[in-house]
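Reading the structure
Here is how the chains run, residue by residue.
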Amino acid sequence: MKVLPAVKESRELKDQVIEWRRHLHRNPELSFHEEQTSQFIYETLESFGNLELSRPTKNSVMAKLTGSEKGRVLAIRADIDALPITEENDVDFISQNSGVMHACGHDGHTSMLLGAAKILSQKKDQMKGEIRFIFQHAEEVFPGGAEEMVQAGVMDGVDAVIGTHLWSPLEVGKIGIVYGPMMAAPDTFFLTVTGKGGHAALPHQTIDSIAVASQVVTNLQHIVSRNIDPLGQLVISVTKFTGGTTHNVIPGSVELCGTVRSFDPEIRDQAPLLMERVIKGITEAHGAAYEFKYEKGYRAVINEDNVTRLLQETAEELYGGESVEQMKPTMVGEDFSAFLQQTDGCFFFTGARNEEKGITYPHHHACFTIDEDALERGVAMFVRTAEKMLGKKEEVTV
């Protein structure tokens with residue numbers, strides 16, 4: 001298969017992209033605190049030339065590349081924040097910030113977009129229109145940085161937006177494509193069940209908050225199995241159950257929290273109403289009381305078909321049809337959805353798993369890492385997609 005310039009250029013830049021990734025991995029910063037990270041990105045972009053740089057928010061960076069002729073506007077996004085996890089990897093570029101780790105691949109996302117910006121910045125005269133390289137802060141913490149950047153105007157006039165996520169379940173060398181719903185809307189709930197505490201040997205004198213709340217946990221799953229269309233997609237998970245102080249005391253109250261994941265806006269709106277109906281019924285039946293709080297998170301990531309098709313064709317063109325994996329939606333959330341509210345776009349997966357190298361840990365794990373061979377593919381995907389959307393026909397063969 002013919003090697004396209006985007007593949008050749010990304011391979012030539014591979015060592016530099018890996019170096020950027022390792023620098024970022026050594027120096028992770030939490031959401032809304034990416035001061036050094038954003039400064040490193042800014043200074044690196046500044047060294048490329050031909051880019052107009054700005055700081056849309058305190059800890060984000062945007063670089064504009066304006067072509068020699070008017071045309072469409074493409075935005076490419078990478079997230080830059082890390083997680084509050086203590087790293088357990090044995091590598092020479094392990095996190096130097098105690099309790100903070102790039103455990104989701106954002107260091108790789110950032111380095112891939114830096115690589116694409118470096119390559120494309122040298123093709124200014126070959127471009128029609130504008131490319132906006134968006135380095136977004138605070139993807140991991142609601143309300144997220146994407147919405148802030150949208151409000152700051154980074155998407156004004158944009159015709160299409162793309163982004164990628166390095167994906168540990170997908171083998172390195174693969175590009176994962178999802179048409180339509182891709183990532184779920186992640187909501188959060190908090191529940192306090194209040195009964196009447198007392199001696200564990202005299203349960204009849206109490207209203208056992210643990211027993212009541214346990215029934216709530218079990219019956220919330222009936223919403224998924226019996227109140228929602230089986231073809232609909234809904235996850236309700238109780239992830240925290242806290243109560244009690246010792247073995248012989250029934251606590252007066254317990255606290256729970258968890259997450260609700262969905263794609264369909266109607267199902268999303270139904271979920272808290274159905275949950276409270278269950279909670280109210282069970283607590284009242286046992287003489288207990290409750291407080292229920294429900295917080296909506298990011299919207300679902302819904303890919304637009306035309307842009308998604310373009311990315312699939314790009315992957316096939318660069319690496320052959322066998323490189324493309326048609327994937328199912330995932331219930332993980334992503335605030336890339338804020339950009340998709342403004343224009344058509346597509347979020348795709350870049351495979352980062354390699355069982356032969358032992359790179360198999362899931363996202364948000366203390367031993368998470370990526371196969372760095374994946375980075376050059378992400379760079380090439382960004383570069384070639386930009387060329388196909390904005391390149392002059394006489395200079396770029398589609």
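All of the points below concern the structure found in this document. (Residues numbered from 1 in each chain as written. Predicted model: local features only at pLDDT ≥ 70, side-chain atom pairs only at ≥ 80, totals over all residues. Heavy atoms only, no water.)

Looking at the sheet that holds strand S10 (residues 234-242)
Strand pairing in a sheet takes place through backbone hydrogen bonds and is either antiparallel or parallel in direction. Basically, it comes down to this: Strand pairing is assigned whenever DSSP detects at least two bridges linking the two strands. Each helix corresponds to a stretch of at least 4 residues labelled H or I by DSSP, and each strand to a stretch of at least 2 residues labelled E; elements are numbered beginning at the N terminus. For helices, the fitted axis covers only the stretch in contact; all axes are lines through C-alpha atoms, and the angles between them, taken along N-to-C directions, range from 0 to 180 degrees. Whether two residues are in contact is decided by their heavy atoms: any pair within 4.5 Å suffices.
Within the open sheet, the four strands sit side by side as S10-S12-S8-S13. Their pairing is antiparallel. Two strands lie at the open edges of the sheet, namely S10 and strand S13 (289-295), each paired on one side alone. When strand polarity is set aside, the average angle formed by the axes of neighbouring strands in this sheet is 20°. When strand S8 (residues 185-194) meets S13, the two strands line up antiparallel, connected through seven bridges. Residue Phe190 lies in a different strand from S13, and its bridge partner there is Lys293. Where helix H6 (residues 209-227) meets the sheet, it contacts S8, S10 and strand S12 (253-262), and its direction lies at approximately 170° from that of S10.

Considerations on the packing of aromatic side chains
How we decide: For Phe, Tyr and Trp, rings pair up if their centres lie within 6.5 Å, where Trp contributes its six-membered ring, and each pair is then called stacked (planes under 30 degrees apart), edge-to-face (over 60) or tilted (otherwise). Whether a residue is buried, partly exposed or exposed follows from its accessible area with a 1.4 Å probe, protein chains only, as a fraction of its type maximum: under 20%, in between, or over 50%, in that order.
Enumeration over the complete set of coordinates arrives at eight aromatic pairs. Here the aromatic rings of Trp20 and Phe48 are separated by 5.9 Å at their centres, their planes lie at 50°, and the arrangement is tilted. Of this pair, Trp20 sits in helix H2 (residues 14-26) while Phe48 is found in the loop between helix H3 (35-46) and strand S1 (52-54), placing the two residues 28 residues apart along the sequence. The class for Trp20 is buried, based on a relative accessible area of 7%.

Topic: H2
So the rule is basically this: One less than the number of residues in a helix, times 1.5 Å, gives the span that helix is expected to have. Note that the arc is defined by the directions from the helix axis to the C-beta atoms.
The end-to-end C-alpha separation of H2 is 18 Å, in line with the 18 Å expected for 13 residues at 1.5 Å each. Within H2 the residues assigned to the buried category are Val17, Ile18, Trp20, Arg21, Leu24 and His25. For H2, the angular spread of the buried residues around the axis is 160°, confining them to a single face. Structural note: H2 exposes Asp15 and Glu19 on the side pointing more than 90 degrees away from its buried face. Looking at the buried side of H2, the elements it contacts are H3, helix H4 (106-121) and helix H10 (374-390).

Here we look at the state of the cysteines
Simply put, disulfide is the name for a covalent bond between the sulfur atoms of two cysteines. Our working rule: By definition, disulfides here are pairs of cysteine sulfur atoms that lie within 2.5 Å.
Under the definition given, this model contains zero disulfides. Cysteine Cys257 remains unbridged, with the sulfur of Cys104 as its closest cysteine sulfur at 20 Å. Judged by relative accessible area, Cys257 falls into the buried class, the value being 16%. This cysteine, Cys367, is not joined by any disulfide, and Cys104 carries the nearest cysteine sulfur, 15 Å off.

Here's the deal with H10
Under the 1.5 Å per step criterion, the end-to-end length of H10 is 25 Å for 17 residues, consistent within 8% with the ideal 24 Å. For H10, the tally of buried residues reaches 16 of 17 residues, placing the bulk of the element in the interior.

Some thoughts on the sheet that holds strand S2 (residues 61-66)
In space, the eight strands of this open sheet follow the order S1-S2-S4-S3-S5-S16-S6-S15, with mixed pairing throughout. The sheet is open, and its two edges are formed by S1 and strand S15 (324-326), each paired on a single side. Between one strand and the next, the sheet's axes are offset by a mean angle of 25°, whatever the strand orientation. Relative to S2, S1 runs antiparallel, the two being bridged by three bridges. Bridge pairing links Leu53 to Ala63 in S2.

Focus on unusual backbone geometry
The omega torsion across Phe142 and Pro143 is 10°, close enough to zero to call that bond cis. Examined against the element boundaries, Pro143 turns out to sit in the loop between strand S4 (128-136) and helix H5 (145-151). Even without being a glycine, Ala138 presents a positive backbone phi close to 55°. The residue Ala138 is located in the loop between S4 and H5 in this model. Residues other than glycine seldom take positive phi values, yet His364 does so here, at roughly 70°. Along the chain, His364 falls in the loop between strand S16 (344-353) and H10. Judged by relative accessible area, His364 falls into the partly exposed class, the value being 40%.

With respect to the packing of H2 against H3
Going by this rule: Any angle between 65 and 115 degrees counts as roughly perpendicular, while under 35 counts as roughly parallel, over 145 as roughly antiparallel, and the rest as oblique. Two helices crossing with the near one rotated counterclockwise from the far one by less than a right angle form a left-handed crossing, whereas a clockwise rotation gives a right-handed crossing. Nonpolar residues are Ala, Val, Leu, Ile, Met, Phe, Trp, Tyr, Cys and Pro. Charged residues are Asp, Glu, Lys and Arg, and all others, Gly as well, are polar.
In the contact formed by H2 and H3, the axes pass within 11 Å of each other and the chain directions differ by 160°. Taken together, H2 and H3 sit at an angle that is classed as roughly antiparallel. The two elements H2 and H3 meet at a crossing, and its hand is right-handed. Listed contacts from H3 to Trp20, His23 and Leu24 of H2 are Thr37, Phe40 and Thr44. Of the residues belonging to the contact of H2 with H3, the class tally is three nonpolar, three polar and no charged.

Things to note about the packing of H6 against helix H7 (residues 265-285)
Viewed as axis vectors pointing N to C, H6 and H7 meet at an angle of 145°, and their least axial separation amounts to 9 Å. Crossing geometry of H6 relative to H7 is assigned as right-handed. Contacts between H6 and H7 involve Val212, Gln215, Val216, Asn219, Leu220, Ile223 and Asn227 from the former and Leu274, Met275, Arg277, Val278, Ile279, Ile282 and Thr283 from the latter. By residue class, the composition of the contact of H6 with H7 is nine nonpolar, four polar and one charged.

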